[in-house]
Structures are given as structure tokens and as C-alpha cells.
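One-letter residues, chain by chain:
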Amino acid sequence: MLRVVFMGTPEFAVPTLGALHSAGYNIELVITQKDKPKGRGKKIQYTPVKEKALELGLEVFQPDSINSPEAIEKIRSINPDFIVVVAYGQILRKAVLDLAKYGCYNVHASLLPKYRGAAPINWAIINGEKETGVTIMEMNEGLDTGDIVISDAIPIDEDDDAVSIHDKLSVLGANLILEAIEGIAAGRLIKTAQDHSVSTYAPMLNKDMGRIKWDEDAKTIINLIRGLKPWP
């Protein structure tokens, strides 16, 4: 069975980790960001991916930098067939991207090349898009600029918000990565270069974005509220 190194941090990445495990792939290592203090008591809290990995009995690795010699050597010693990345939270350099036999693949929550960046779900809703989706992309050194392996779309209904779309896309992404890995390993899937001329960017959210401008039209305000649920 194929050897996989998984990189991810938030709740969005958990269904993909679970799907890979259920499908029987050898998940040799789970890499996630450092645990952080949370709440008034500043109690250290595991990342959602770490919690899931420990539940599944998988080895967890939390380097300060994924591009450090220590991290690179640890991944190299595994000799992975695939590296799967879902909202990990660090930029991977070429030395890491080149470590897997078949390559390094990202589960991105948009229909690339639209909405590259940190907050694709939110910006699609804020901008009033009628659909969004998940793209499985072969990673390169750019920001979500790699070749597309496979993608699938879902509608954004009027009663959807960032929470409901997040949950739908996390499941869709888990299903798509299984299809992608199987197709890549079998040589069935053809990668397609992105059309960079039509790319858009989805920057990180900040608290100031939650300030409603009441002179905007009602639809714009509603989309902002839907897109920024639950934060800010």
C-alpha cells in the first residue's frame, strides 16, 4: 500500500485524514502546526488534526519549520509515495516538495485559479459567488499556482454561510483526494496548468472586516455576514 505523509492543522483537514486512514493508506507521519494556548486559562490545546491523528494511533510531528533540515530528513527517511497537504499553514519549499515519489498534493477549497490564498471559502461568499468547490493541485513553490489534478463544484445556496460551505467542502475534499491519489498512481489522471490570467486572491481575514458599512446595499451586507461567520 502507498506510503503517505499528511500535513494539516484545522478542522477542515480532519475528514481528509480520516478518509485516507479508512481507505487503508499507510499514513507514516502526520505533520501539524504547534499546539497553542487558548481561552482565558491559556491552556495548551492540540490542533484538530493532532487530536484525530492520536485517536487513529498515528505518529505526530510538529516542527517549528517544515523546511528545516530536521523536518526534511524525517520525511526523507519515510520515502513517501505521496505528501498530502490540507490547510497546513506553512509554505513548503522545493526541498520538501521533491521528497515524495509521486509529488505533493494540496486540497484547496476553491475552484482554482479563483480564490488562491488563505480564506477562499469566505471570499467566495462575500463576493456573492453562486458556486465554489475543491481543487486537488500538485504543489509548486508558488501560492496555489500548481497544476490542477481534479476539481468538483457545489452550489452556494442563499441559506449557506462560511460554516456550512466549510463542512461541505471538507467532505468533498476528502473524497476527491482519494480519487486523485488512485488516478495519479495508476497514471490515469492528466494534470492541467492553471490559467494565471484569470486568477483571484483570497487574503486572510481580519477583525476590521467585520465592521458593517450601513450605506452598502442589503445584498452586500448579507453576503458579508454570511461570509464572516463565525469570525469576525
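Structure first, text after, so check above.
Just so you know, these numbers come straight off a predicted model, no measurement behind them. (Residues numbered from 1 in each chain as written. Predicted model: local features only at pLDDT ≥ 70, side-chain atom pairs only at ≥ 80, totals over all residues. Heavy atoms only, no water.)

Here the focus is the pattern of salt bridges. A side chain with one charge may pair with a side chain of the opposite charge, provided their charged atoms come close. Within this structure, the stated rule accounts for 12 salt bridges. We note a salt bridge from lysine 191 to glutamate 138, for which the minimum N-O separation is 3.1 Å. Remark: glutamate 138 occurs in strand E8 (residues 131-138) and lysine 191 occurs in the loop between helix H6 (162-185) and helix H7 (218-227); sequence separation between them is 53 residues. Of the charged contacts, one joins lysine 229 and aspartate 161 as a salt bridge, the two residues approaching to 3.1 Å between their closest N and O atoms. You can see lysine 229 sitting in the segment after H7 and its partner aspartate 161 sitting in the loop between strand E9 (148-155) and H6, a full 68 residues away along the chain. (Salt bridge = Lys/Arg side-chain N within 4 Å of Asp/Glu carboxyl O. Helix = DSSP H or I, 4+ residues; strand = E, 2+ residues; numbered from the N terminus.)

Moving on, we get to the nonpolar core. Inside soluble globular proteins, nonpolar side chains tend to come together where they are buried. One finds Phe6, Ile136 and Leu169 to be the most contacted residues of the largest nonpolar core, which totals 47 residues. If sequence neighbours within four positions are ignored, isoleucine 136 has contacts with Tyr105, Asn106, Val107, Asp147, Ile148, Val149, Ile150, Gly173, Leu176, Ile177 and Ala180. Counting 23 residues, the second-largest nonpolar core is a separate cluster that includes Val5, Ile72, Leu92 and Leu97. (Core = buried A, V, L, I, M, F, W, Y, C linked by side-chain atoms within 4.5 Å. Buried < 20%, exposed > 50% of the residue type's maximum accessible area, 1.4 Å probe, protein only. Contact = heavy atoms within 4.5 Å.)

Here we take up the packing of helix H1 (residues 14-22) against H6. Across the interface, H1 lies against H6 with an axial gap of 8 Å and an inter-helix angle of 40°. In terms of axis orientation, H1 runs oblique to H6. Between H1 and H6 the crossing geometry is right-handed. Only Ser170, Gly173, Ala174, Ile177, Leu178 and Ile181 of H6 make contact with H1, whose side of the interface consists of Pro15, Thr16, Ala19 and Leu20. Tallied by class, residues from the contact of H1 with H6 come to seven nonpolar, three polar and no charged. (Axes fitted to C-alpha atoms, helices over the stretch in contact; angles between N-to-C directions. Parallel < 35°, antiparallel > 145°, perpendicular 65-115°, else oblique. Left-handed = near helix turned anticlockwise from the far one by under 90°. Nonpolar A, V, L, I, M, F, W, Y, C, P; charged D, E, K, R; others polar.)

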